[in-house]
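Here is how the chains run, residue by residue.
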Amino acid sequence: AIVGAKGGWLGLESDLSAMHPQPNPALDAQTRIAQRMGSSPGSMIVYLKAASAEKLVELSHRVRERLATDAVRQAGVVGTYGLATLLPDPSLIQERRTAIGPGEVDRVIADFREVVSQSAFRADAFEPYVGALRHLLLESRPPTVNDLLERPELAKTVLAKDAVTATRAAAPTEAITLVFVDRPLEDAATRGRAVETIRAALVGLPGATLTGLNVISHDMSNAIQSDLPRLTIISIGVVLAYLLIQLRSIREPLLALVPMVFSLVVTLAVMHLLNQRLNMINLVTIPLLIGITVDYGVFVVNVARLAMREPPEVFERQLSSSVHAVILCAMSMILGFGSLVLTSVPAVRSLGLAVGVGVFTCVLGTLFCLIPLVVRVGTERRTAMQDALVERS
């Protein structure tokens, strides 16, 4: 009833800080910095690839334009850093050349000198700046990637390492653009909204790919959410097929799965009641429980075969011995994994809790669900065989 009311499956952990020890001064400081400085250390990356260096610069400018819209700003993006930050847009070079003529240069410098003369500063002190201003306005050749490569310390912040080395053989065709956000991205909803908004903004822009740890985490969470139930069913099906081959019947493999199914359902219910979530650590609980808990059912089913050909006292003695072994094995497993609840990492604690609950409920399912079933089945079969022998005699 609990599992059905909650929708059956557990949701994924939305807070990535669950993967780190708690309390965590480093994470606390990171959160405080993000709040005080208005930016998050968890930036994302747009990987750029183009046919030439000039096309690479153009692509960087198109990315910056796409990420400067209101919709992207509302998702938390506050700025970018890439080739577009360091080099002019090649598509606007000719327009800017025609916009600044020799007469325009003289007018700008004259206006500058007039403003300086009216200020309290010495006009002659600004003459070196006037020369630099004239040079900037008259320079017809804009800076390119080659000029950037002459400054390796600056170039390596946006270009590939191979392109920055002194032995570079060809012009760079790969670069990155850093995307800065104004909020922490540990929360799944915030992270997902930012990632999907940026991806939507980059649609139709070949060569630009959003990536980074936050993006990979978002995609992995979506993949787990959609594939985990299906893969769980497949794994159970594989186990069932193997048992069908080994036990050469239909009833006994299905009986062997009873403790496992009981354990998985009750574990889900307990996790729901404790408000636990799936994370990258406790995900191993599901295949682990499928592999462990089916063993107990197989042991009991194999012992139950004695009920068909041995006296009841022999079957009861063998069943008692097997149950003692199952309980001993389960208790050692519970103690081993249960000790994980003492760790400081929430994700690891949830693993210890889930496996401990799963193994314990599997023992309950074995004792109070499976054993009554196999005893009844074995008794019915033994009675049927005895009746058949009587009829033959």
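Residues numbered from 1 in each chain as written. Predicted model: local features only at pLDDT ≥ 70, side-chain atom pairs only at ≥ 80, totals over all residues. Heavy atoms only, no water.

## Description of the nonpolar core
- The biggest cluster of nonpolar side chains holds 43 residues, and the ones touching the most others in it are Y296, V301, L319, V359 and V374.
- At the level of elements, α13 (213-247), α14 (251-256), α15 (258-273), α16 (285-304), α17 (312-338) and α18 (346-392) are the ones that each hand at least two residues to this core.
- Ranked by the residues each element gives to this core, the list is headed by α16, at 11 residues.
- The contacts of V359, once residues within four sequence positions are left out, are L289, I292, Y296, A330, M333 and I334.
- Among the nonpolar cores identified, the runner-up in size contains 34 residues, and V158, V195, I198 and V215 belong to it. (Core = buried A, V, L, I, M, F, W, Y, C linked by side-chain atoms within 4.5 Å. Buried < 20%, exposed > 50% of the residue type's maximum accessible area, 1.4 Å probe, protein only. Helix = DSSP H or I, 4+ residues; strand = E, 2+ residues; numbered from the N terminus. Contact = heavy atoms within 4.5 Å.)

## Focus on the sheet that holds strand β4 (residues 208-211)
- What the 4 strands build is an open sheet, ordered β2-β3-β1-β4; its pairing is antiparallel. Strand pairing shows two members of the sheet lacking a second neighbour, β2 (77-81) and β4, which therefore form its edges. In this sheet, adjacent strand axes meet at a mean angle of 25° when their direction is disregarded.
- Here strand β1 (residues 44-49) runs beside strand β3 (residues 174-181); their pairing, made up of 6 bridges, is antiparallel. (Pairing = 2+ DSSP bridges. Axes fitted to C-alpha atoms, helices over the stretch in contact; angles between N-to-C directions.)

## A word on the packing of helix α12 (residues 188-201) against α13
- At their nearest, the axes of α12 and α13 sit 10 Å apart, and the two run at 105° to each other. For the element pair α12 / α13, the angle class is roughly perpendicular. Along the contact surface, α12 presents R191, G192, V195, E196 and R199, while α13 presents N214, V215, S217, H218 and D219.
- Here the contact of α12 with α13 is composed, by residue class, of 2 nonpolar, 4 polar and 4 charged. (Parallel < 35°, antiparallel > 145°, perpendicular 65-115°, else oblique. Nonpolar A, V, L, I, M, F, W, Y, C, P; charged D, E, K, R; others polar.)

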